[in-house]
Amino acid sequence: KIVIEESVAAYYLSYRTGGLITLLLFIGLLAWYISRNIKYLKENGYAENLADFNFKYLNRGVIIPAAVIGLNIAVVSNLYAPALFLELLQLLLLGFLTVLFKNKWSKVSMKNWLFLLGLFFILCFLDLFIEVGFLQRSAFIIINILGIRYGLVQIKTLKDQLYIKGFFKWASIIFIGLNGLSIMYNLFGRVSLSNMLSLTAFISLTQIVALSVLLKIILEIIILQIYTTRIKRGFEKIFDHESLSDTLKKPFIIVISYMWLVVIASNLNIWESLRSSLGNLLSHPNTIGSITFTLGNIVLFFIIIWIAHLLQKYVAYFFGEIDDENEENINKRQHSKLLITRLIVLIGGYLLAVAASGMPLDKLSILLGALGVGVGLGLQNVVNNFVSGVILIFDKPIQIGDVIEISSESGRVKSMGLRTTKINAPNGAEI
């Protein structure tokens, strides 16, 4: 069996060489990008301030965090790889995570983590090298019993060390449930199914740990970028990075949830059927009057709109601006460029969404006509404010920090957006 697995894994590795090289180049560029920002801070005497951001992983070097990101991508992007290749990827990922956790986790948590890795390694060893027999079945039952006890008692120490804790409730339920089912199928002679459930149980638990670390590393990279950009602009003040991280992590949690569910479904050998069923549902044509559409086009339309709004909302963070910025700290020229960038992202997103929806232009004119009626009835102020905001961006009659007077209101311009401009009145009110 080991010879067959090695041959299949070698063939798959040669087949996927181009994709793996691309992934290695991505990891290298990411490591260079992180190290460049850290090097800049060190050269200018700000490296010690990174301790104020409570980095857990970027302070362990740049190669291992970049490798963790790359291996997480590799696991999700190689769902149909041979078992030997997938298990080696998973074990390599867990090895890098162990290095990150060393001297950071408590002794009890680290002991329980190593125990989990030991069980997983033995499970992979048994699955790859030993033929089906009484010894294998007995070993699997012992591992499953230890896994159930681990899920009931020891798993809590891991939860306390990770950034995302909400997923662990479901991860524990799945881990215990799959180990219990594995014992039952093993006793009834369904050894192959039992082995699959056991591997899925351990992969589902270790993968949620890896994805939690992945999210924290991504947020640390973003915070590092924001702080480096602010230092280049001359602003040394430490910003509220915790609330910013809580804001930024929300869209990433959706992506991580998808990655986790895909890995579980793939190991249960149901992902292909789920993907096929979902594809048929989304591509099935539906007709209302003279308009024919698919559910997939509608879903894609709203996904692109959602991504466009996220990008225009968070694009300022990558240029060092944050929500609670004082007008004295804002580069007026850069702020105008950011507003224009946001406008371009929104317009491009909406145009791309319309193109992806597959809606014919003649049908689109009907929709625009209906939208025009809506504007005429109740959206005049919204559209008027948006168009006025665009004019202010390009004409620049006022800028952040200017003192202005409009009708009976006066104050200093605090911020300018596409639809609203905020001023601070002399009495402290924000208008």
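Residues numbered from 1 in each chain as written. Predicted model: local features only at pLDDT ≥ 70, side-chain atom pairs only at ≥ 80, totals over all residues. Heavy atoms only, no water.

**Here we look at the packing of helix H9 (residues 241–267) against helix H11 (residues 295–314)**
Then, number 1: Across the interface, H9 lies against H11 with an axial gap of 12 Å and an inter-helix angle of 155°. Judged by the inter-axis angle, H9 sits roughly antiparallel to H11. The two elements H9 and H11 meet at a crossing, and its hand is left-handed. Judged by residue contacts, Thr247, Leu248, Pro251 and Ile254 of H9 engage Trp306, Leu310 and Tyr314 from H11.
Then, number 2: Looking at the contact of H9 with H11 residue by residue, the class counts come to 6 nonpolar, 1 polar and no charged. (Axes fitted to C-alpha atoms, helices over the stretch in contact; angles between N-to-C directions. Helix = DSSP H or I, 4+ residues; strand = E, 2+ residues; numbered from the N terminus. Parallel < 35°, antiparallel > 145°, perpendicular 65-115°, else oblique. Left-handed = near helix turned anticlockwise from the far one by under 90°. Contact = heavy atoms within 4.5 Å. Nonpolar A, V, L, I, M, F, W, Y, C, P; charged D, E, K, R; others polar.)

**Here we look at empty space enclosed by the protein**
Then, number 1: Going through the model one piece at a time under the given rule, you end up with 2 cavities of 30 Å³ or more.
Then, number 2: In this model, the largest cavity occupies a volume close to 90 Å³.
Then, number 3: The wall of the largest cavity is formed by Val75, Leu79, Leu86, Glu87, Gln90, Ile203, Val263, Ser266 and Asn267.
Then, number 4: For the lining of the largest cavity, the secondary-structure elements that each account for two or more residues are helix H4 (83–101) and H9.
Then, number 5: Residues belonging to the lining of the largest cavity are distributed by class as follows: 5 nonpolar, 3 polar and 1 charged. (1 Å grid on protein atoms, 1.4 Å probe; cavity = no way out; pocket = protein on both sides within 12 Å on 5 of 7 lines; lining within 4 Å. Points joined across faces, edges and corners; volume = space filled by probe spheres on them.)

**Things to note about the sheet that holds strand E5 (residues 421–424)**
Then, number 1: Strand order in the open sheet made by the 3 strands is E3-E4-E5, with antiparallel pairing throughout. At either margin of the open sheet sits one strand with a lone partner, and together these are strand E3 (403–406) and E5. This sheet shows a mean twist of 55° between the axes of neighbouring strands, independent of strand direction.
Then, number 2: Bridge count between E3 and strand E4 (residues 409–416): 4 bridges; the pairing is antiparallel. Residue Glu405 lies in a different strand from E4, and its bridge partner there is Ser410. (Pairing = 2+ DSSP bridges.)

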